[in-house]
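Close look at the chain arrangement
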Amino acid sequence: MGKGLPTGSIAPLSKLQSFSGEEIDLLDFRGKKNLVIFFYPKAFTPGCSLENVLFARNYYKFTGLDTEVIGVSGDDMETQEKFATCYNLPFTLCCDTKREAAKDFEIGKDFFGLVGSRITFVINKAGVIVEKYHGAIIMKAHVQAALKAVEKIEGRSASDLPTPLYVDNSNSTTLTEESSPSQSTSIDDGSV
């Protein structure tokens, strides 16, 4: 177990549980939609909040390119629901409290084994992992790598899609890529 399944692998047919209790079966997307599945360590931490907001601000690009986005962490259903509501996240967040999905995707733990890794997978409609990005520091890079891979799959650019307004419902100040976890500053626009 380590840094996730390699590109070229068939994605596992995991069944995930959303914070609302709905079962998300990855098989349901086969032949229908591309998937971006991003695993993040913990809701409400500065880096994970930023990563989720960046995916939210660019969600229309993914859906415009026939792709669904799913976020996964080890947080429980109540925490995930609060997190999704706080940041007005338009995509599904799933709970992996027993780390079953992380094991299916061969994801180990980072930070001295204390928390799950931050890994983003892009899966095409045939169920093949075509891109994997592993990195704990630069959240914007996860969104950029995923979007670039989806554009390649679909053979078109997201830059031609209309830009809807994303509203961050949180009453808290969030972080920019350049901020350290102890600083509190405004988030950048997140456009990739």
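This write-up is about the structure you can find in this document. Since the structure is predicted, the reported quantities are computational estimates derived from the model, not experimental observations.

1. A few points about the overall build of the protein chain
On a plain count of helices and strands, the protein chain comes out with five helices and nine strands. When the helices and strands of the protein chain are placed in sequence order, the string is β-β-β-α-α-β-α-β-α-β-β-β-β-α. Counting only contacts in the protein chain whose residues sit at least 6 apart along the sequence, the fraction spanning at least 24 positions is 68%. Accessible area for the protein chain stands at about 9200 Å²; split by element, carbon and sulfur atoms hold 51% of it.

2. Considerations on the environment of valine 69
Note on placement: valine 69 falls in strand 4 (residues 67-73). We classify valine 69 as buried; its relative accessible area is 0%. Between the C-alpha atoms of valine 69 and proline 90, which are 21 residues apart in sequence, the distance is 9.1 Å. In this view, valine 69 contacts Val36, Phe38, Phe55, Tyr59, Phe62, Phe91 and Thr92; residues no more than four positions away in its chain are not counted.

3. Brief notes about the pairing of strand 4
Burial of strand 4 is extensive: seven of the seven residues sit out of reach of the surface. Residues Thr67, Val69, Gly71 and Ser73 line one face of strand 4 and the alternating positions Glu68, Ile70 and Val72 line the opposite face, and both faces are buried. Across six bridges, the pairing between strand 3 (residues 34-39) and strand 4 is parallel. Considered in strand 4, the bridge of phenylalanine 38 is made with glycine 71. Note that strand 4 and strand 5 (residues 92-95) share four bridges and pair parallel.

Rules used throughout
For every chain, the first residue of its written sequence is number 1, and the numbers climb from 1 along that sequence. Side-chain atom pairs in this predicted model are given and counted only at pLDDT of 80 or more, local residue features only at pLDDT of at least 70, and totals for whole chains, interfaces and linings cover all residues. The basis for every side-chain value is the complete set of non-hydrogen atoms in the structure, without hydrogens or water. Secondary structure elements are taken from DSSP: a helix is a run of H or I of four residues or more, a strand is a run of E of two residues or more, and numbering for both begins at the N terminus. Contacts are assigned to residue pairs with any non-hydrogen atoms lying within 4.5 Å of each other. In short, Shrake-Rupley with a 1.4 Å probe defines the accessible areas, and a residue's cover is counted only from the protein chains shown. Relative accessibility thresholds used throughout: buried, under 20% of the residue-type maximum; exposed, over 50%; partly exposed, between the two (1.4 Å probe, protein chains only). Paired strands, in this sense, are two strands between which DSSP finds at least two bridges.

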